[in-house]
Structures are given as C-alpha cells and as structure tokens.
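This is what each chain is made of:
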Amino acid sequence: MWRNRKMFVVLAVVLMFSFVLTACGGGNKAANEGNKTEEKVITYNLGTEPETLDVATATGKPEATVQMAMFEGLTRLDANNQPVPGMAEKWDISPDGLVYTFHLRDAKWTNGDPVTAEDFEFAWKRLLNPDTAAEYSYQAFYIKNGEKYNAGEVSADEVGVKALDAKTLQVTLETPTPYFLSLTAFPNLYPVNKKVVEANPDWNTKVETLVGNGPFKIINWEHQQKIELVKNPDYWAADDVKIDKIIMTMVESEDTELSMFESGQIDIAENPPTQEVRRLLDEKIATMYPDLGIYYYMFNVKQEPFDDPRVRKAFAMAINRQAIIDNVTQAFQKPAFAVVPYGIPDAVPGEDFREKGGNNYFTEDVAKAKELLAEAGYPDGKGLPEIKILYNTNEGHQKIAEAIMEMWKKNLGANVTLTNQEWQVYLNTRAAGDYQVARAGWGADYTDAMTFLDMWMTGNGNNQTNWGNPEYDRLIKEAKSNPDPAVRIKAMHDAEKILMDEMPIMPIYFYTNVNMYKPWVKGVIVPMVGGYQEFRWAYIEK
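Residues numbered from 1 in each chain as written. Predicted model: local features only at pLDDT ≥ 70, side-chain atom pairs only at ≥ 80, totals over all residues. Heavy atoms only, no water.

## Some remarks on the overall build of the protein chain
Now for step 1: Along its length, the protein chain carries 17 helices and 20 strands.
Now for step 2: In terms of C-alpha radius of gyration, the protein chain reaches 23 Å, essentially the compact-globule figure of 24 Å for 542 residues.
Now for step 3: For the protein chain, the spread of C-alpha atoms along the three principal axes comes to 75 × 55 × 45 Å.
Now for step 4: Residue burial in the protein chain is summarised as follows: out of 542 residues, 62% are buried.
Now for step 5: Partitioning the contacts of the protein chain with sequence separation of at least 6, the portion at a separation of at least 24 is 69%. (Helix = DSSP H or I, 4+ residues; strand = E, 2+ residues; numbered from the N terminus. Rg over C-alpha atoms; globule rule 2.2 N^0.38 Å. Buried < 20%, exposed > 50% of the residue type's maximum accessible area, 1.4 Å probe, protein only. Contact = heavy atoms within 4.5 Å.)

Shown next as structure tokens:
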C-alpha cells in the first residue's frame, strides 16, 4: 500500500490549487454565507487519485483513508488501535470464541436508509464472491466457509455470516481468531447499502450513489484534483464530529506538497521530500510516528533470472540498506532483513515478534552474493538479462530505485533499467504479473504478524510474485487454525524463515511515518493500520 506523485504536473498543480484553495486552505475557517458561523475545514493532501472507493476491491492506503471518513464498520479503531463500538453498539462472543453476535445501533446511510445487518451480510458475501475478484477476499476467510465460497465449493447460504434480524448479525468463524474484532474495523469489511449497490453496478464511481454510513459524506470528486467531504448529519455520533468539511487534494509532487503546506494552502502533509526530512524534523515542523509497515521489492519468480532463488538472494544481499536510509530516505527507518516489522506482539505478552525472531534472516555480503550468482550460471553478472525495476511514479521511489540500480550494477555487474508508472497503471501491471522486479510497500491491517504473512500463500490475491510453497501454506494454515498462541506464533516464525530462504521478496526497510500538521489541527489520529489519517475525532483549535 502506498501512493504516487508526478514531477511533470508541478506548475499546473501549483497554479490550480493556488486558485482552488485560496478560500479554504491554511486558515481552516471560512465564513458561511447566510450566517455568521465559521466553517471548520481541514485541507489534506491525499497525494493521488484513488484507484476505487469500492470497499470490496480497494487495496491501497489512499483509498482506505477516504473510506475511513465515509464508512464505518462494526467497530472502529481508537487512538490506541483498539476496537471500539462502531455500527455495533455491543457484541457477544461464545465461550469457544467461534460465534460473534453483533447488536447494531440505530444508524442511517447518507441517503436516509437504515443501516441493517443485511447490509453487512450482503457486503461480506460480496467481498467473498469469486465474481467480485477482490484481492482482499482472504480477509473474510476467517468466516466459516468463507474460503470455500470464494473457491466455488459451497453456496453463499453456507457462509457463516447471517442477519438474524435487521439489527442482529451473527458471524461464525472457522477457528477462534484473537484479532477478529479489529478486523471488523478494516475497510474491506465495511457494509455497503445493499439496495443502492444492487440497483447501481457502478455505484462506487458517482458521488450520487457513493452512499456511506461514516462521519463524513462525499459531495464532490474531481478526478485527479480533489475529493470534498462534509460532516454527515445522520452519523450516529454526529455531535462528536467537529469538522465541517475535509478537502482531500491529489497533488503528487512532494516538493509541491511542501510548498503548499508552507504557504498555508493545505493543513496536513505526509510526503516531505527526502532531502527536507531531517530539517523539518529538527525544526519540529514535521513529526515522526511509528509505522507498522515494510518497504520491499518483489521478484517475479516466473521471469528469468529471478526464477532461481539463488539469484533472488544474491540481489537481496548486494545492496546497502543503511546507505539508502542515510543518503536517500533520511527518515531514520530500520534496515529490514525480515518481513514482519517491529511493534507486533509475540506469543508471550510484552514480547515483540521481530525482536524474538531476530532481524537477521540474511546478511549483506557482496562476496557471497557473487558466489550465489556464479552458482546460478551468471559469473560476474555475465549472461544476466537486462534487469527492469518497476515503481509507481514518485520522487522518493525513484531515488531509491536509482540507488539500488547503481548497487546492483557495481556489485553484481547487472545491467539495470528503471520504469515508472502512475499508481493505477502500476497496480494493474503488478496484478497482471507483467514485471520483473517491482517496488512495493505493505502496512498492517491489524496488529498480528499474520497480516504480513498470509498474503504470501499460494494464489493469494496480494501475492503477485507467482511464488508458492506448500510447507509455507501449511504453516500459515496451522497458525490460523490453532488457538494456542505459542503454537501459532511459532508457525509464523517458521513460515517467515521459508519466505526469507526462498526470497520472492527483498526487504529493504521498516517504515517510519513523517507527517506535518498545522498547529491548529488537533485530534487527527495517525493509524498504525488502515489508512493514513483518521478524521473521526479531528477538530480545529485556534
């Protein structure tokens, strides 16, 4: 999950937003015509055009950020990343941990329809429906028969989610899942208005049919420019929502975003140019937040020369991650020699999965990398095909790719070229497997190591490397089916070792998160999971 930017639109974007945002950016308070109240507005740069706002098929953080404002699940994550009541005002859990009964509160969609348990049942089965082809369908595989329905082996009626009545939703799980309540806050498990979706196949593309149930409702979507949302007066906790309007711009240039922030045209920015990060942190203009995320490259194991694990490992061992952090990203990230980042609990309360498992599944060793390359039939890089790195258009991604390109050229004798694509095109290229090496990033969906590991199972919609391993799949299934924390955590450590031994992905660093807020912006949560910003509790204080 990440975002993109484009250098060549800088001037046009600056001029456009200088005009558009004059009345609403920076000051955050604009007089409401017809009355003397001040409209409380936050202008935030989303950084890209969302690929889609369909909760079933979206996979990116930009999309999740918009959806978190527009929708609400059974629960919502608070500032401590803990699930609190959302559409469900309470729930019961059976003693064996398998059956959850959610009791919905009185709530409305933005078109006035009541939010019902049927809407949740419809949305979750739609996510699982193989015809939807949702990459994130596996988030509902915890539900009884969810995976079988997705595979076409059982009918929708046999899936363990059922509306007992308009206000009661019963969910039966395959096995006890300790983080299931957190999952119910995840955007892919948001409800949709069954009546609207069934009547409008392209409901998610038009403001008129983008009916939500969250704290804000969409009123304008100018593609490639901005999304505007206003406070939803029908939201069940509308009295607690203090912001009247959110403007989400789609400026892709990091330099332009910083200029807009410094000139007061936007109130929140989260993509400072890499060369400015340390200055902005030193001057306390920017703040660094923890982040459960990993930046990595993935290899297409069906394309030469990366169909050989020795080559994949050689390329992973031939870069200097700390040099990339010190000279390119400059945001104090940690070099990654594993997949699961720091901050995820291990089996014993208080212990950290990464610290327990170690961050040392491989080492940087150019001599060893050359040995592996020679064993694979490419001594000193001779015979290697041209290596093509794909990344989504972004100045930071480009600089990292350039650094890695030079390291692979110098250390392995490889001939490397770079290709950048816009976010949506890049996602499609990856999904089609039409790449050799591709940049990627992944943020946690919930605070369990599984969120970084089950995606690499054979055939998973988010595993776009073409890699698969039966033993890896078995270990992940064991971790999902065994309620004993010691057994399931050990299975995940063992699975991670296989992933790193076979190296379909090359870890680079564990993210940090550098954001900038104008001092009057308060209460915005920087989520550890989900989208970039949570505006539910935001307010302005001047």
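Continuing now.
## Observations regarding the packing of aromatic side chains
Now for step 1: Counted according to the given criterion, the structure contains 26 aromatic pairs.
Now for step 2: With a centroid separation of 5.6 Å and an interplanar angle of 65°, the aromatic rings of Tyr44 and Phe535 are classed as edge-to-face. One end of the pair, Tyr44, is in strand 2 (residues 38–45); the other, Phe535, is in the loop between strand 19 (521–522) and strand 20 (539–540), with 491 residues separating them in the sequence. Of the two residues, Tyr44 and Phe535, neither departs from the other in class, the shared state being buried.
Now for step 3: Relative to Tyr509, the ring of Tyr295 has its centre 4.8 Å away and its plane inclined at 15°; by these criteria the two rings are stacked. Placement of the pair is Tyr295 in strand 13 (residues 286–299) and Tyr509 in strand 18 (residues 505–517), with a sequence separation of 214 residues. (Phe/Tyr/Trp six-rings, centres within 6.5 Å; stacked < 30°, edge-to-face > 60°.)

## As for the sheet that holds strand 7 (residues 161–165)
Now for step 1: A sheet is described by the order of its strands in space; here four strands give the open sequence 5-6-8-7, paired in antiparallel fashion. On the outer flanks of this sheet lie strand 5 (88–93) and strand 7, each paired with one strand and no other. Each strand of the sheet is rotated relative to its neighbour by a mean of 20°, with strand direction disregarded.
Now for step 2: As defined by bridge partners, strand 5 adjoins strand 6 (residues 99–104) across five bridges and the pair is classed as antiparallel. Across the sheet, residue Asp92 finds its bridge partner in strand 6, namely Thr101.
Now for step 3: Helix-sheet contacts for helix 3 (residues 117–128) involve strand 6, strand 7 and strand 8 (168–172), and the interaxial angle to strand 7 is about 165°. (Pairing = 2+ DSSP bridges. Axes fitted to C-alpha atoms, helices over the stretch in contact; angles between N-to-C directions.)

## Overview of the pairing of strand 18
Now for step 1: A large share of strand 18 lies buried, amounting to 13 of its 13 residues.
Now for step 2: Both strand 12 (residues 268–269) and strand 18 contribute to a ladder of two bridges, which runs antiparallel. Bridge pairing in strand 18 links Ile268 to Tyr517.
Now for step 3: Judged from the two bridges that link them, strand 14 (residues 334–335) and strand 18 form a sheet pairing that is antiparallel. Among the inter-strand pairings, Pro335 is bridged to a residue of strand 18, identified as Tyr509.

## Quick word on the confidence of the model for the protein chain
Now for step 1: Looking at the protein chain as a whole, the pLDDT averages 91, with 93% of positions reaching at least 70.
Now for step 2: Predicted confidence for residues 1–24 stays below pLDDT 50, and this span has 70 contacts to residues more than four positions away or in other chains.
Now for step 3: This model gives residues 26–33 a pLDDT under 50, and the stretch forms 25 contacts once residues within four places in sequence are excluded. (pLDDT = per-residue confidence, 0-100.)

## Description of the packing of helix 16 (residues 470–481) against helix 17 (residues 485–502)
Now for step 1: The interhelical angle for the contact between helix 16 and helix 17, taken along N-to-C directions, is 160°, at an axis separation of 8 Å. Between helix 16 and helix 17, the interaxial angle falls into the category roughly antiparallel. Here helix 16 and helix 17 pass one another in a crossing that is left-handed. Contacts between helix 16 and helix 17 involve Glu471, Tyr472, Leu475, Ile476, Glu478 and Ala479 on the former and, on the latter, Val487, Arg488, Ala491, Met492, Asp494, Ala495, Glu496, Ile498 and Leu499.
Now for step 2: Within the contact of helix 16 with helix 17, the residues separate by chemical class into 10 nonpolar, no polar and five charged. (Parallel < 35°, antiparallel > 145°, perpendicular 65-115°, else oblique. Left-handed = near helix turned anticlockwise from the far one by under 90°. Nonpolar A, V, L, I, M, F, W, Y, C, P; charged D, E, K, R; others polar.)

## Overview of the pattern of salt bridges
Now for step 1: Taken as a whole and assessed by the stated rule, the structure comprises 24 salt bridges.
Now for step 2: The shortest N-O distance in the salt bridge between Asp501 and Lys313 comes to 3.8 Å. Taken as a pair, Asp501 in helix 17 and Lys313 in helix 9 (residues 309–317) lie far apart in primary sequence, 188 residues in all.
Now for step 3: Between Arg474 and Glu471 there is a salt bridge, with the nearest N and O atoms lying 2.8 Å from each other. Of this pair, Arg474 and Glu471 both sit in helix 16, three residues apart, which is roughly one turn of the helix.
Now for step 4: Given the relative accessible area of 35%, Glu471 is considered partly exposed.
Now for step 5: Put simply, Glu262, Glu276, Arg279 and Glu283 are held in one network by salt bridges that share partners. (Salt bridge = Lys/Arg side-chain N within 4 Å of Asp/Glu carboxyl O.)

## As for the environment of Gln139
Now for step 1: Tracing the sequence through the fold places Gln139 in the loop between helix 3 and helix 4 (146–150).
Now for step 2: According to the relative accessible area criterion, Gln139 is buried, its value standing at 1%.
Now for step 3: When the C-alpha atoms of Gln139 and Thr184 are compared, they prove to be 9.7 Å apart, with 45 residues separating the residues in sequence.
Now for step 4: Excluding anything up to four places from it in sequence, Gln139 contacts Leu183, Phe186, Leu189, Asp445 and Tyr446.

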